[in-house]
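Each chain, written out:
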Amino acid sequence: MTEGSLGAPTRHPIPWQEESYYDEEALDLELRRVFDICHGCRRCFNLCDSFPQLFDLIDESPNEEVEDLSAGDIKNVVDSCTLCDMCFMVKCPYVPPHEFDLDFPHLMLRHRAVENRNGKTGFVDKQLAEIDRNAAVAGTLSGAANWASKGSNGVTRGILESVAGIDKRAHLPPFQEVPLTHKHVGHGPVANAAAPAFGRKAAIYATCYGNFNDQTAGKAALDVLSHNGVQTRVEYPACCGMPKLENGDLPAVASSAEQVAAFFEPIIDEGFDIVALTPSCALMMKFEWPLILPDNAVVKKLALATRDLSEYIVEIAKEKGLVPIDEMKAEIGIHFACHSRAQNMGPKAMEMLKLIPGAKPSITERCSGHGGKWGIFKENFDKAVKVGRPAARAVSKGDPDYMVSECPLAGPHLRQIMESGGQKDLPARIGHPIELLAKAYGF
Ligand code: SF4
Ligand code: SF4
């Protein structure tokens, strides 16, 4: 048996429309087969909380065998997985085409899909995944919603913790009264035909977070792209469905994919590239959706047209260069977010920031521990802090002038870890690296 495969790693389509996918006996056998391989390997012991749980459960079982694990033990391992994809992307030598055919995150997803079909997804998980409905309500009542969800509001946060299980210490992002799509429709044809990227067209997929919560990265992206001659527009047809993927609600994710792809198809036909502001959403559009709907040509077309924001800036820079950038002497700590890494495109934030003369970026490749909505729950928050501590330490090493993360959840979470650890010289914010490029341009 060889370790590692000679072929490039690949991922199988997810057969969620086949009845056999939900066969609980077959799933149990597959979980035990994979857990046994992991038990013998243990490379992923420090990636997250899922693997330490698995290994401890096996080691403490009567025969120290996977066979001893109960259904509850298995569920604990599954529930600790944030679907960050790191084990598949960076550690596992047994991913397809290796004969072991091991895709740990997608196996966790299958377990959740079975639970979801059996009506076992938690009520709060289901409600939190209704992003567009929640954003519409919270946007209308943004003042009250933001007041109630503020960390300093002990009374409402205490109620939220006891009713919904959301840890009162967890950072909850404020809502904007006006979505990005209503504030910035984009920039029409740019007059400056001398700008190096003149002629390119980008439709910014605002993503739910960039549209309703933190619009800083979106504004910076519009400024930088427009300055370089790119014609832009901002669109938000619907959420990409990542929170529903976390719930294993694959029919709902498929429906989001169909809706968003159908919306963008005529825009792609007009010559626009699709640029996602948030790595998790780019990952969904480029990789997860085509595996969920492998026969859908429009979804495939969208996947090919989609770029992560940093990836897009680097792409246009390589094509014809960028408008000269002012010198900005600064040490920059970059947190390389899991869902940026999982896009298999290399460290584009690092490449992008190296375009700033005088900038000295350095990269930290560790999970922040937040994991979508996983890290805000009371039963997970302490683990989310524990997993993220090494990343927080590494990104702030050497006391850099700026710290950035492409993941809008990881940034505030890392800052919170630094703050709770008593770190001095806290950064004002840990935002998207595009904000520094916009700053260097003087925006
Ligand atoms: S996907 Fe991430 S959280 Fe899940 S088991 Fe793999 S490394 Fe851990
Ligand atoms: S996922 Fe792969 S690398 Fe990680 S412990 Fe299991 S077999 Fe080893």
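Bear in mind the structure is a predicted one, so any value in this text is a computation, not a measurement.

The rules we used
- Residues numbered from 1 in each chain as written.
- Chains lettered and ligands numbered in written order.
- Predicted model: local features only at pLDDT ≥ 70, side-chain atom pairs only at ≥ 80, totals over all residues.
- Heavy atoms only, no water.
- Helix = DSSP H or I, 4+ residues; strand = E, 2+ residues; numbered from the N terminus.
- Buried < 20%, exposed > 50% of the residue type's maximum accessible area, 1.4 Å probe, protein only.
- Near = heavy atom within 4 Å.
- 1 Å grid on protein atoms, 1.4 Å probe; cavity = no way out; pocket = protein on both sides within 12 Å on 5 of 7 lines; lining within 4 Å.
- Sits in = over half its atoms within 2 Å of the grid points.
- Nonpolar A, V, L, I, M, F, W, Y, C, P; charged D, E, K, R; others polar.
- Salt bridge = Lys/Arg side-chain N within 4 Å of Asp/Glu carboxyl O.
- Domains from an automatic or database assignment.
- Buried area = accessible area lost by both parts, 1.4 Å probe.

A. Broad picture of unusual backbone geometry. Cis geometry is adopted by the peptide bond preceding P97, which originates at P96 and carries an omega value of 15°. Residue position: P97 is located in the loop between α4 (86-91) and α5 (104-117). Positive phi, close to 60°, is recorded for L83, a residue that is not glycine. In this fold, L83 is placed in the loop between α3 (71-79) and α4. For L83, a relative accessible area of 7% corresponds to the buried category. Located in the positive-phi region is D399, a residue other than glycine, with phi close to 50°. Relative to the assigned elements, D399 resides in the loop between α20 (378-395) and β8 (402-405).

B. Structural view of the site of ligand 2. Ligand 2 sits among I37, C38, C41, R42, R43, C44, F51, K91, C92, P93, Y94 and L102. Mapping ligand 2 onto the cavity grids shows that it belongs to the largest cavity. At three residues, helix α1 (residues 24-41) tops the list of elements feeding residues into the shell around ligand 2. In terms of residue class, the shell around ligand 2 is built from nine nonpolar, no polar and three charged.

C. Seen up close, the pattern of salt bridges. Scanning the entire structure with this criterion turns up 31 salt bridges. We note a salt bridge from K75 to E115, for which the minimum N-O separation is 3.4 Å. Of the two residues, K75 sits in helix α3 while E115 sits in helix α5, which places them 40 residues apart along the sequence. What makes K75 partly exposed here is its relative accessible area of 30%. On the basis of relative accessible area, E115 is assigned to the buried category, the value being 14%. In this structure, R429 engages E435 in a salt bridge whose closest nitrogen and oxygen atoms are separated by 2.9 Å. Classification of R429 as partly exposed rests on a relative accessible area of 36%. A residue is classified by how much of its surface remains accessible, and E435, at 16% relative accessible area, is buried. The network of salt bridges with common partners includes R200, D273, R307, E315 and E319.

D. Quick look at the domain arrangement of the protein. Per the domain assignment, the segments making up the protein are domain 1 (19-117), domain 2 (123-164), domain 3 (180-316) and domain 4 (324-440). Just the C-alpha atoms count here: the centres of domain 1 and domain 4 sit 29 Å apart. Between domain 1 and domain 4, roughly 970 Å² of surface is buried when both sides are summed, and carbon and sulfur atoms account for 61% of that area. Three residues, T82, M86 and M89, lead the burial of domain 1 against domain 4; their summed loss comes to 43% of the area buried on that side. Taken together, the connections running from domain 1 to domain 4 amount to one salt bridge. One salt bridge in this structure joins D49 and K383, with 3.8 Å as the shortest N-O distance.

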